[in-house]
Amino acid sequence: ETSLGAAASAPIESAGESARDRLYRLRREVDQQDDGVQHPDDLLRIAEFREGAALLASAQFAPADVIEALGTPGYALSCMAALALRERSDVTAQAALTATMPFGGYPLRFLFDWLQAQPDARALPWLLRHARGWWWDAQGVRQRVRDYLQWAQANPPPDAPDAMAFDELSDDAIQDIE
């Protein structure tokens, strides 16, 4: 787990740099390191990535800003936002998953982490709206979907304990959800 608190309090380089300007500068700096990013976990090793996520996790950005960042093209800013969700109690899963376009593989890695940190699996229907055939073609994403579905079955919403009963659900049936 990554604590974002220290990075959020990092000093702004220029006294006139707004939080939004700082965020976009950090995004550009992460984008410039693209050749070294072969997996979402590689982002966690980039200080500017962690700093950008911490900034989005801070009160300097409203929940709507974080949701907007989730839907940005490319992976740097959307991954920063997805990682920041772990520190934001003011962004609901429904808001995060319904106000954005389908997620790429990199943001999905951080979204699955966040979703599995929730008290229960009530976000599953909103997540499934993003499901795409390539999820099953990408071995890492396929495994995360399986892991999440197993977690969801073990953590159903308290008001609907049978809602996540997937005993008869096969890989083929899940792939057909698209």
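This text follows the structure it describes.
Residues numbered from 1 in each chain as written. Predicted model: local features only at pLDDT ≥ 70, side-chain atom pairs only at ≥ 80, totals over all residues. Heavy atoms only, no water.

(A) How the structure looks around empty space enclosed by the protein. One pass over the structure, following the stated rule, counts two cavities of 30 Å³ or more. Considering only enclosed or pocket space, the second largest cavity measures out at about 50 Å³ in volume. If you trace the second largest cavity, you find it lined by R20, L23, Y24, L56, F61, D65, E68, A69, T72 and L77. Mapped by element, the contributors of at least two residues to the lining of the second largest cavity are helix 2 (19-31) and helix 5 (63-70). A per-class count over the lining of the second largest cavity returns six nonpolar, one polar and three charged. (1 Å grid on protein atoms, 1.4 Å probe; cavity = no way out; pocket = protein on both sides within 12 Å on 5 of 7 lines; lining within 4 Å. Points joined across faces, edges and corners; volume = space filled by probe spheres on them. Helix = DSSP H or I, 4+ residues; strand = E, 2+ residues; numbered from the N terminus. Nonpolar A, V, L, I, M, F, W, Y, C, P; charged D, E, K, R; others polar.)

(B) How the structure looks around the environment of Q33. With respect to the helices and strands, Q33 occurs in the loop between helix 2 and helix 3 (40-43). Through-space distance from the C-alpha of Q33 to that of L43 is 9.3 Å; in sequence the pair is ten residues apart. In contact with Q33, not counting residues within four places along its chain, are I46 and E48. (Contact = heavy atoms within 4.5 Å.)

(C) Focus on helix 8 (residues 105-115). Extensive coverage of helix 8 is indicated by the burial of eight of its eleven residues. Among all positions in helix 8, only P107, L108, R109, F110, L111, F112, W114 and L115 are buried. (Buried < 20%, exposed > 50% of the residue type's maximum accessible area, 1.4 Å probe, protein only.)

(D) Highlighting the pattern of salt bridges. Summed over all chains, the structure comprises twelve salt bridges. One salt bridge connects E29 with R25, and the closest N-O pair in it is separated by 3.1 Å. A residue pair is termed a helical-turn pair when its members lie 3 or 4 positions apart in one helix, as E29 and R25 do in helix 2 at four residues. Judged by relative accessible area, R25 falls into the buried class, the value being 13%. (Salt bridge = Lys/Arg side-chain N within 4 Å of Asp/Glu carboxyl O.)

(E) A look at the packing of helix 8 against helix 11 (residues 139-154). Between helix 8 and helix 11, the least distance of the axes is 11 Å, while the angle of their chain directions is 15°. Classed by the angle they form, the pair helix 8 and helix 11 counts as roughly parallel. Like other packed secondary-structure pairs, helix 8 and helix 11 cross with a definite hand, here left-handed. Contacts between helix 8 and helix 11 pair G105, L108, R109, F112, D113 and L115 from the former with V141, R144, V145, Y148 and W151 from the latter. For the contact of helix 8 with helix 11, the residue count by class is seven nonpolar, one polar and three charged. (Axes fitted to C-alpha atoms, helices over the stretch in contact; angles between N-to-C directions. Parallel < 35°, antiparallel > 145°, perpendicular 65-115°, else oblique. Left-handed = near helix turned anticlockwise from the far one by under 90°.)

(F) Expanded view of the packing of aromatic side chains. In this structure the tally under the stated criterion is six aromatic pairs. Judged by centre distance (5.1 Å) and plane angle (55°), the ring pair of Y75 and Y106 falls under tilted. Here Y106 lies in helix 8 and Y75 lies in the loop between helix 5 and helix 6 (76-84), a separation of 31 residues in the sequence. Site record: aromatic cluster; members linked through ring pairs are F112, W134, W135, Y148 and W151. (Phe/Tyr/Trp six-rings, centres within 6.5 Å; stacked < 30°, edge-to-face > 60°.)

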